[in-house]
Amino acid sequence: MSFTEHDAAGVAILMWAADPSQPERLATPLFLAAAVAAMDVPVEIYFTAASVHLLVPAVAARLRASPRVDKAIADNLREAVEMGARLFACSDALQAQGLDAAMLMPGCGRGGAVQFMARAIDLRWRTLVF
């Protein structure tokens, strides 16, 4: 498979239905984030609703996408960040879920509906929702 030049300014991923209650949904968006980051395309992952719990290190560390997989979701998340993905937690979701920003993994920024929608309406960005 060959890659063609693209004019995308970046990819924004919204984690909405992909949350700790269904860990089988978590690996794919993080794999995709790492893959696009490896292609030197800026990647932003926005965590909203219950997905903000994934930014608490102990939560992601105990989750697996499948019982047949040894890799924790925390490993998938770390790999995406190491490739260059930037993480954003929705402030409203943090409040609704009873989480404090101090509980989140280091380097996680704040960004919610306004920031994600700014990416969605920017024709140079691509967006995915999980």
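Predicted model only: the values in this text are computed from it and were never measured.

Focus on unusual backbone geometry
Its identity is not glycine, yet D40 carries a phi of approximately 60 degrees, on the positive side. Residue classification places D40 among the exposed positions, given a relative accessible area of 71%. Even without being a glycine, A49 presents a positive backbone phi close to 50 degrees. Considering the arrangement of structural elements, one finds A49 in the loop between β2 (43–47) and α2 (57–61).

Looking at the side chain of N76
Along the chain, the position of N76 falls in helix α3 (residues 73–83). Residues within four places of N76 in sequence aside, it is in contact with A27, L30, F31 and K71.

A short note on the pairing of β2
Of all five residues making up β2, five are buried, and the element is well covered by its neighbours. Sheet topology note: the strand β1 (residues 10–15)/β2 ladder contains five bridges and is parallel. What sits directly across from M15, in β2, is F47. Crossover handedness for the path β1 to helix α1 (residues 27–38) to β2: right-handed. Relative to strand β3 (residues 86–89), β2 runs parallel, the two sharing four bridges. Within the sheet, the bridge partner assigned to F47 lies in β3 and is A89.

Basis of the calculations
- Residues numbered from 1 in each chain as written.
- Predicted model: local features only at pLDDT ≥ 70, side-chain atom pairs only at ≥ 80, totals over all residues.
- Heavy atoms only, no water.
- Buried < 20%, exposed > 50% of the residue type's maximum accessible area, 1.4 Å probe, protein only.
- Helix = DSSP H or I, 4+ residues; strand = E, 2+ residues; numbered from the N terminus.
- Contact = heavy atoms within 4.5 Å.
- Pairing = 2+ DSSP bridges.
- Right-handed = clockwise from strand over helix to strand, strands pointing away.

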